Amino acid sequence: MIPELGHMALVLALTTACLQAVVPMVGAARGDARLMALATPAALAQFVLVAAAFAALTWSYVVSDFSVANVAQNSHTLKPMLYKVTGVWGNHEGSLLLWVLILALFGAAVAAGGRNLPAPLAARTLAVQSMIAAAFLAFMIFTSNPFLRLDPAPAEGRDLNPILQDPGLAFHPPFLYLGYVGFSIVFSFAVAALVEGRIDAAWARWVRPWTLAAWAFLTLGIALGSWWAYYELGWGGWWYWDPVENASFMPWLIGAALLHSAVVAEKRDALKSWTILLAILAFGLSLIGTFLVRSGVLTSVHSFASDPERGVFILAILVAAIGGSLALYAWRAPTLKPGGVFAPLSREGGLVLNNLLLATSCATVFIGTLYPLFLEGLGGAKVSVGPQFFNMTFVPLMLPLVAAMAAGPFLAWKRADGRAALRRLRVPLAGAVAASLATIIFAPPAPALAHVGVALAALLALSSIHEISGRAGTLARALNLPRAAWGAAIAHFGMAVTVAGVVGSSAWQSESIRAMRPGDSADIAGWRVTFMRTTLEKGPNYTVRRGHFEARHGDGTGRTMSPGKRHYASTGTITTEAAIITTGLADLYLTIADPADGSAQGGDPRFLFEAPSDAAWAVRITHNPLVAWIWIGAGIMALGGAISLSDRRLRVGAPVRRVPAAA
Amino acid sequence: MLRRLLFALPLLGFAAVAVWFLHGLGRDPAAIPSALIDKPVPEFRLPPLEGSGKPALAAQDLRGRVALVNFYASWCAPCRIEHPLLMRIAAEKRVALYGIAYKDGMAESRRFLAQLGDPYAAIGWDGDGRVAIDWGVYGVPETFVVDRAGRIRHRHVGPLSDDTMAKVIVPMIARLERE
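Keep in mind the model is a prediction, meaning the values are calculated, not measured.

Things to note about the overall build of chain A
Stage number 1. Along its length, chain A carries 24 helices and 10 strands.
Stage number 2. Scored against the burial criterion, the 663 residues of chain A give a buried share of 58%.
Stage number 3. The contacts of chain A with a sequence gap of at least 6 include a subset with a gap of at least 24, amounting to 75%.
Stage number 4. Counting only carbon and sulfur atoms, one obtains 67% of the accessible surface of chain A, whose full area is about 26200 Å².

Below you can see the structure in the form of C-alpha cells.
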C-alpha cells in the first residue's frame, strides 16, 4: 500500500510540475499577477509530494519490503538500519528520486524565501525550475520507477554493494546532490533573466547566495567522496581522475568562477553575459555528469547499471535544457548592455584572470574525461586518459590560479596600483620563501615543483590572513567587516590548506609493501610497525579477518592499528578496511591482503577464514604527509562559503543599486 | 554580426558534444578490443580444479578445435548471470568450452560449480590470476574465442547474453570451423 502511495505522489508531483512550468510563465508574459502567483503554492506542493514519495521508498527499505523490486535488489534484512536508510540512494532509481527531491527543495526554498524578488522574475525562475523537475519526474516514472513490485516477493534481498556500506559514502550523495542540483536554481534564474532580457546588479545579488550554497555543498560532497575513497578503497589514493569524479569537479570549477564573476556583476555591473553563461554551464555540466553516470557511455567505478533507453531519455533532457538555454543565450545575450569599464590591472581584472583560469581548467578536465569517447567516435582506438594527462595539464593551470588568489584581494576596484599591491604582498612573499627554504632544508628531497607548491600554499595562506587582518585592524573593526569579506578570506585560506595537503601527500609519500608474519616489524618514516596477530570476528552482515599491529613513532608509546579484510556472505564480496593513525602532520595508513592476491579488493575467502595463525600476510604501509589537510581545507572552504552566505547584504530586501563613488 | 556569432559559440560547441554523446550511446562500452586478437594464446599450464573431476588446462589443449575460454570466479555476480547460458552451450556440444577459475579458492570454485552445474570440458585453476594477466583479462567474466590453430580471434568482456551469442559468437564459430 505505502509503495503505491509513493508512486501516486510521484505522478501527482509530475502533474503539479507541468502546471508550474507553464502557468506562471504565461502569467509573467501577460503581466497577470494571479497566474504568476500560482508558482509559489505549486512549488511547495511539488516539494511535499516528492518528499512523500521519498518517505514511502525509505519506509519500504526500513521494513525490508522485498515485494518492491528496488528494495529486493539493493537491501538485505541483516543490513544495519543506517545502511537500510542510506541504501535508498545507493542505486539508480533511488538516487534519481533524491536528485528530484533536492531539485524540488531548491524550488520550494525560492518560493518560500523569495518574497523580495520581483514577481515576474520569481514566477519565471520557478517555471524554469519546474520544467527541469517535470523532465526528471517523467524520466523516473517512465524508465526508472523505484516503486515497481515483484510477484512473488523474494524472501531475502540481494544486498547493497558492501563497498557502499560506509558512513562516508552514505552521506556523500546527499551533499553532492545539494551542490550539483543546487546549481539548477542558479540556472533557472539565468534563463528567467534571459527571457526577461534584463540583467542588472540586483539580479547578480539574488543569484549569489544560491551559487554560494550550492558551491559550499558541492565542496563538502566532493571532499566526502574523496575521503571515502582514501580510507575505504584501500589504495591510499584520494583522487583518481575517474570520469565521474571529474563530472562532479567540473561544476565545482565553474561554480567557483561563477561566484567571483557574480561579484563583479553585482558591484560593477560588468561581465554580465559571461556570468549568465557560467550559470548555464554550471548546471549544464551537472546534467552532463548525470548523463555520464547513468547512460553507460563511459565506464567508471561509479557507473550505475546502464541502459541505452535511459541514456536516450537523459540525452533528450540534456539537449533540451542545455541546448535550449544556450540558444536563448545566443539570441538574447548580445542585446545586454555592457556595463562598467575597468583597467586590466584591477580587482575586476584579477577576477577575470581567475575566471579564465578556472574555465580553462574545467575545459581541460572536460577534454580529458571525454577524449576517449571522442577519439573512438572518430574511429580511433579505445584509450583511457590517465592521471598523467591531468597532472600535466591541470597542475600548470592551478599554479598561476593560486598565485592570483593570493594577489587578487590586494587589488583595488576599477584601477589598481600594482606597486602598492606588491608592497602589501611583501610579508606573505617573505613567508612563502621562508616556508620553501624550510622544506628544502628539513624535509626529504623532493622535485622542484613540490617546493613551488609549498611556496604557493604558504603565500596564499599568509596573504589571506594578512589581507583580512589589514582590513580589520582592531577587533571592533573586525566585527564590522562584512561577513562576505571574512568568508572570502577564510575560503581562500582553506584552499591554501588543501593545496598544502595535495603537495605534501604527492611529493613526500613513502610506501612499503611486504609479506609479514606475526612478530615481524617494518620501519617507515620514523615509525616502527610490528605485526602482533590476526583474529577472525563477526560483524552484523560480514565476517572480518583483523590484523593487530603496534605502531610506535621514535620512542613514543605504542598505538594499536587494526586493519581488516571483510567478507560479506550475501554477495561474496571482500572489502578492505584500512587502519589509519593521523597525527595532523601525516597519516600512517595500513592495509592487509591475502599474499597470493595482493590486490586491495578481492582475494581468496578461504585464506581469509582458514589462514593459520603464523601465516604471512601482504602488508601495505603508507606514510602520507599532510594528506588530512586536503579535506580539512575543503571543510574550511565550505565554512567560508557558509559565513559569506550569512552576510546581511544577501538577506536584505530589494538592494539599492550602488553608484560607483569615483565615477 | 561577429558579436552575435561569438554568443552562439557555446551553442555550437554544445551541439558538437551532443552529437558525440548520441554516437556514444549506440556503441557497446563492453566491446574492448584485445591486443591479442589473431595472436596465438599465451603459453600457460594451469593445475586442475581439484575434486571437480575435470582435467587441467594448458595452451596446447586449445588446438585442433574451435574453443571458448571462459574466465570465471565464484565471487563474481555477473558470472552467475551468464552461467545458465554456459550450461546450454555445453549441452549443445557445438564448441569446446573451457573454464579458467580466476583468483578463486578451490573449495569456493567447486561449490560454485556444484551449485550451478559444471559446463566446462576442462578447468584450469588460476588462483593468483597470473595467467589472466597474460591474457589481458581485467575483470570476470571474460570469454575468448580460440580458433583451431590456437589463435585468439575474439574477446568478450562481461557476461555473455543470448543476444551476443546469436549475433556474434555463434556466427563466428561457424566461420572458424569452415576455415
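Things to note about the overall build of chain B
Stage number 1. A count of helices and strands for chain B gives 5 helices and 7 strands.
Stage number 2. When the helices and strands of chain B are read in sequence order from the N terminus, they spell out α-β-β-β-α-β-α-β-α-β-β-α.
Stage number 3. A compact globule built from 179 residues would reach a C-alpha radius of gyration of about 16 Å, whereas chain B, at 21 Å, exceeds it by more than 25%.
Stage number 4. For chain B, the spread of C-alpha atoms along the principal axes amounts to about 80 × 40 × 30 Å.
Stage number 5. Buried residues in chain B amount to 50% of all 179 residues.
Stage number 6. Look at the contacts in chain B between residues 6 or more apart in sequence, and 73% of them connect residues 24 or more apart.
Stage number 7. For chain B, the exposed area adds up to about 8600 Å²; of that, 61% sits on carbon and sulfur atoms.

Some words on helix α18 (residues 426-442) of chain A
Residue and element names in this part refer to chain A.
Stage number 1. Helix length check: α18, at 17 residues, gives a terminal C-alpha distance of 24 Å against a target of 24 Å (1.5 Å per residue), a fit within 8%.
Stage number 2. All of the buried residues along α18 are Pro428, Ala432, Ser436 and Thr439. Buried residues of α18 fall within an arc of 75 degrees about the axis and therefore sit on the same side. For α18, exposure combined with an orientation more than 90 degrees from the buried face picks out Arg426, Val427, Val433, Ile441 and Phe442.
Stage number 3. Residues of α18 that are buried make contact with α17 (418-424) and α19 (448-472).

Comments concerning the packing of aromatic side chains
Residue and element names in this part refer to chain A.
Stage number 1. Inspection of every chain in the model, using the stated rule, returns 23 aromatic pairs over all chains.
Stage number 2. Between the aromatic rings of phenylalanine 187 and phenylalanine 283, the centroid separation amounts to 5.2 Å while the plane-to-plane angle is 50 degrees, which identifies the pairing as tilted. Placement of the pair is phenylalanine 187 in helix α10 (residues 183-196) and phenylalanine 283 in helix α13 (residues 272-295), with a sequence separation of 96 residues.
Stage number 3. Overall, phenylalanine 187 belongs to the buried group, its relative accessible area being 4%.
Stage number 4. Classification of phenylalanine 283 as buried rests on a relative accessible area of 0%.

Structural notes on the pairing of strand β5 (residues 122-126) of chain B
All names here are of chain B.
Stage number 1. Where burial is concerned, most of β5 is hidden: 5 out of the 5 residues are buried.
Stage number 2. Both faces of β5 are covered, namely the face carrying Ala122, Gly124 and Asp126 and the face carrying Ile123 and Trp125.
Stage number 3. Direction of pairing for strand β4 (residues 96-102) relative to β5: parallel, over a ladder of 5 bridges. The residue of β5 that forms the bridge with alanine 101 is tryptophan 125.
Stage number 4. Each parallel crossover has a hand, and for β4 linked through helix α3 (residues 106-116) to β5 it is right-handed.

Thoughts on the pattern of salt bridges
Stage number 1. Per the stated rule, a full pass over the model turns up 20 salt bridges over all chains.
Stage number 2. The shortest N-O distance in the salt bridge between A:Glu511 and A:Arg620 comes to 2.6 Å. In this pair, A:Glu511 sits in strand β1 (residues 510-516) while A:Arg620 sits in strand β10 (residues 617-625), placing the two residues 109 residues apart along the sequence.
Stage number 3. Given the relative accessible area of 41%, A:Glu511 is considered partly exposed.
Stage number 4. On the basis of relative accessible area, A:Arg620 is assigned to the partly exposed category, the value being 22%.
Stage number 5. Note that B:Lys54 and B:Asp118 form a salt bridge whose closest N and O atoms lie 2.9 Å from each other. A residue pair is termed long-range when its members are at least 10 positions apart, and B:Lys54 in the loop between β1 (45-46) and β2 (57-58) and B:Asp118 in the loop between α3 and β5 qualify at 64 residues.

Comments concerning the sheet that holds β1(A)
Residue and element names in this part refer to chain A.
Stage number 1. Across the sheet, which stays open at both edges, the 4 strands sit in the order β1-β10-β9-β8 with antiparallel pairing between neighbours. What marks the edges here is a single partner per strand, and that holds for β1 and β8 (579-582). Pairs of neighbouring strands in the sheet enclose a mean axial angle of 15 degrees, with direction left out of account.
Stage number 2. Judged from the 8 bridges that link them, strand β9 (residues 586-593) and β10 form a sheet pairing that is antiparallel.

Looking at the environment of A:Gly431
Residue and element names in this part refer to chain A.
Stage number 1. Tracing the backbone through its elements, the reader meets glycine 431 in helix α18.
Stage number 2. The spacing of glycine 431 and asparagine 246 is 185 residues in sequence and 33 Å in space, taken between C-alpha atoms.
Stage number 3. The residues touching glycine 431, leaving out its near neighbours within four places in the chain, are Ala458 and Leu462.

Points about the packing of helix α1 (residues 2-30) of chain A against helix α7 (residues 119-143) of chain A
All names here are of chain A.
Stage number 1. Look at α1 against α7: their axes get within 7 Å of each other, and the N-to-C directions meet at 150 degrees. In terms of their interaxial angle, α1 and α7 are classed as roughly antiparallel. Viewed along their axes, α1 and α7 form a crossing whose handedness is left-handed.
Stage number 2. Looking at the contact of α1 with α7 residue by residue, the class counts come to 23 nonpolar, 2 polar and 1 charged.

Some points on the domain arrangement of chain A
Residue and element names in this part refer to chain A.
Stage number 1. You can read the domains of chain A as domain 1 (1-161) and domain 2 (510-625).
Stage number 2. Opposite the 6 residues of domain 1 that make contact, domain 2 presents 4 residues.
Stage number 3. For the domain 1 and domain 2 pair, buried surface summed over both sides reaches about 420 Å², with 53% attributable to carbon and sulfur atoms.
Stage number 4. Between the two partners, domain 1 and domain 2, sit 0 salt bridges.
Stage number 5. On the surface where domain 1 and domain 2 come into contact, there are 0 residue pairs in polar contact (both at pLDDT 80 or more).
Stage number 6. Broken down by class, the residue content of the side of domain 1 that touches domain 2 amounts to 2 nonpolar, 1 polar and 3 charged.

Structural notes on the confidence of the model for chain A
All names here are of chain A.
Stage number 1. Summing up the model confidence of chain A, the mean pLDDT is 85 and the portion of residues at 70 or higher is 90%.
Stage number 2. Looking at the elements of chain A, mean pLDDT is at its lowest for helix α24 (residues 648-651), recorded as 60, and at its highest for helix α3 (residues 39-62), recorded as 95.
Stage number 3. A low-confidence stretch, residues 299-305 (pLDDT under 50), is modelled with 19 contacts involving residues beyond four sequence positions or located in other chains.
Stage number 4. This model gives residues 652-663 a pLDDT under 50, and the stretch forms 11 contacts once residues within four places in sequence are excluded.

Quick look at the environment of B:Ile152
Residues and elements named next belong to chain B.
Stage number 1. Among the structural elements, isoleucine 152 can be located in strand β7 (residues 152-157).
Stage number 2. Residue classification places isoleucine 152 among the buried residues on the basis of a relative accessible area of 0%.
Stage number 3. Filtering out sequence-adjacent residues up to four positions away, isoleucine 152 remains in contact with Leu36, Ile37, Asp38, Lys39, Val41, Pro42, Trp135, Phe144, Val145 and Val146.

Overview of a nonpolar patch on the surface
Residue and element names in this part refer to chain A.
Stage number 1. On the surface, a nonpolar cluster with roughly 570 Å² of combined accessible area is contributed by Val433, Leu437, Ile440, Ile441 and Phe442.
Stage number 2. Along the chain, the position of isoleucine 440 falls in helix α18.
Stage number 3. Judged by relative accessible area, isoleucine 440 falls into the partly exposed class, the value being 48%.

Considerations on the packing of α19(A) against helix α21 (residues 483-507) of chain A
Residues and elements named next belong to chain A.
Stage number 1. Closest axis-to-axis distance for the α19/α21 pair is 9 Å, and the angle between their directions is 165 degrees. As the angle between them shows, α19 and α21 are arranged roughly antiparallel. Remark: the crossing between α19 and α21 carries left-handed chirality. Of the residues in α21, those in contact with Ala450, Gly453, Val454, Ala457, Leu460, Ala461, Ser464, Ile465, Ile468 and Arg471 of α19 are Ala485, Trp486, Ala489, His492, Phe493, Met495, Ala496, Val499, Ala500, Val503 and Ala507.
Stage number 2. Considering only residue class, the contact of α19 with α21 consists of 17 nonpolar, 3 polar and 1 charged.

Remarks on unusual backbone geometry
Stage number 1. Unlike most non-glycine residues, A:Leu271 shows phi in positive territory, near 55 degrees.
Stage number 2. Here A:Leu271 lies in the loop between α12 (243-268) and α13.
Stage number 3. The phi torsion at B:Lys103 lies on the positive side, around 45 degrees, for a residue other than glycine.
Stage number 4. Residue position: B:Lys103 is located in the loop between β4 and α3.

What counts, and at which threshold
Residues numbered from 1 in each chain as written. Chains lettered and ligands numbered in written order. Predicted model: local features only at pLDDT ≥ 70, side-chain atom pairs only at ≥ 80, totals over all residues. Heavy atoms only, no water. Helix = DSSP H or I, 4+ residues; strand = E, 2+ residues; numbered from the N terminus. Buried < 20%, exposed > 50% of the residue type's maximum accessible area, 1.4 Å probe, protein only. Contact = heavy atoms within 4.5 Å. Areas by Shrake-Rupley, 256 points an atom, 1.4 Å probe, with all protein chains shown as cover. Rg over C-alpha atoms; globule rule 2.2 N^0.38 Å. Expected span 1.5 Å × (residues − 1). Arc of directions from axis to C-beta. Phe/Tyr/Trp six-rings, centres within 6.5 Å; stacked < 30°, edge-to-face > 60°. Pairing = 2+ DSSP bridges. Right-handed = clockwise from strand over helix to strand, strands pointing away. Salt bridge = Lys/Arg side-chain N within 4 Å of Asp/Glu carboxyl O. Axes fitted to C-alpha atoms, helices over the stretch in contact; angles between N-to-C directions. Parallel < 35°, antiparallel > 145°, perpendicular 65-115°, else oblique. Left-handed = near helix turned anticlockwise from the far one by under 90°. Nonpolar A, V, L, I, M, F, W, Y, C, P; charged D, E, K, R; others polar. Domains from an automatic or database assignment. Buried area = accessible area lost by both parts, 1.4 Å probe. Polar contact = N/O pair within 3.5 Å; in protein donor to acceptor, adjacent residues only side chain to side chain. pLDDT = per-residue confidence, 0-100. Patch = residues over 30% accessible without salt bridge, like charges linked within 9 Å, V, L, I, M, F, W, Y side chains within 5 Å.

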